[in-house]
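Take a look at the letters that make up each chain.
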Amino acid sequence: MCIFCKIINGEIPAKVVYEDEHVLAFLDINPRNKGHTLVVPKKHYERFDEMPDEELCNFIKGVKKTVEVLKKLGFDGYNIVNNNGRVAGQEVNHVHFHIIPRYEGDGEVVKFGEVKKIDLDEVLKEIKE
Ligand code: AMP
Ligand code: ZN
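What you see is a predicted model, and the numbers here were worked out from it, not measured in a lab.

Reading guide: rules and limits
- Residues numbered from 1 in each chain as written.
- Chains lettered and ligands numbered in written order.
- Predicted model: local features only at pLDDT ≥ 70, side-chain atom pairs only at ≥ 80, totals over all residues.
- Heavy atoms only, no water.
- Phe/Tyr/Trp six-rings, centres within 6.5 Å; stacked < 30°, edge-to-face > 60°.
- Helix = DSSP H or I, 4+ residues; strand = E, 2+ residues; numbered from the N terminus.
- Buried < 20%, exposed > 50% of the residue type's maximum accessible area, 1.4 Å probe, protein only.
- Salt bridge = Lys/Arg side-chain N within 4 Å of Asp/Glu carboxyl O.

## Looking at the packing of aromatic side chains
The way to describe two aromatic rings as a pair is by their centre distance and the angle between their planes.
In step 1: Evaluated as defined, the whole model comprises 4 aromatic pairs.
In step 2: On the numbers, 5.0 Å between centres and 75° between planes, the contact of Phe59 with Phe97 is edge-to-face. With Phe59 in helix α2 (residues 53-70) and Phe97 in strand β5 (residues 97-102), this residue pair connects regions lying 38 residues apart in the sequence. Both residues of the pair, Phe59 and Phe97, count as buried.
In step 3: Ring-pair connections join several aromatic residues into one group, and the members of that group are Phe48, Phe59 and Phe97.

Structural data, given as structure tokens:
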């Protein structure tokens with residue numbers, strides 16, 4: 001059983017921020033900023049696109065609810081990050097959205113890599129082929 005399933009089952013403790021029938025939201029054990037929270041569906045799926053539409057709707061609603069709860073922290077903005085696959089930095093193979101509250105002047109908490117020179121027309125052609 002994966003580590004997040006163990007948290008959902010209560011086998012491993014977590015600092016729960018929000019919970020409903022479909023999702024559990026808890027503080028990330030290695031916070032990148034104050035209030036860094038992970039939202040996970042209670043049913044195990046590895047990747048975002050593997051979730052059935054209806055469950056995805058309930059999950060996204062849970063993500064929004066969690067943002068509402070976190071507003072108590074007085075953030076100025078927030079990033080939502082979802083990694084899929086090892087190559088994308090996914091360490092825990094149970095779907096999770098990171099909600100990372102952002103505060104004015106908090107620095108480069110979440111950043112994209114360098115801009116690459118990529119022919120957009122070629123990319124689009126490959127997608128549409
Ligand atoms: P990712 O790299 O997107 O798979 O993110 C996994 C996240 O899970 C990391 O930010 C970890 O700090 C976090 N994490 C791992 N184990 C736990 C745990 N037991 N409780 C809370 N967060 C955890
Ligand atoms: Zn799991």
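The rest of the description comes next.
## Considerations on the pattern of salt bridges
In step 1: Within the structure shown, the criterion is met by 6 salt bridges.
In step 2: When the shortest N-O distance is used, the salt bridge between Glu19 and Lys42 registers 2.8 Å. Separated by 23 residues along the polypeptide, Glu19 in strand β1 (residues 16-19) and Lys42 in the loop between β3 (37-41) and α2 bring together distant segments of the chain.
In step 3: The exposure class assigned to Lys42 is partly exposed, which follows from its relative accessible area of 26%.
In step 4: Where Asp106 meets Arg102, a salt bridge forms, and the shortest distance between an N and an O atom there is 3.0 Å.
In step 5: Arg102 sits in the buried class, given a relative accessible area of 17%.

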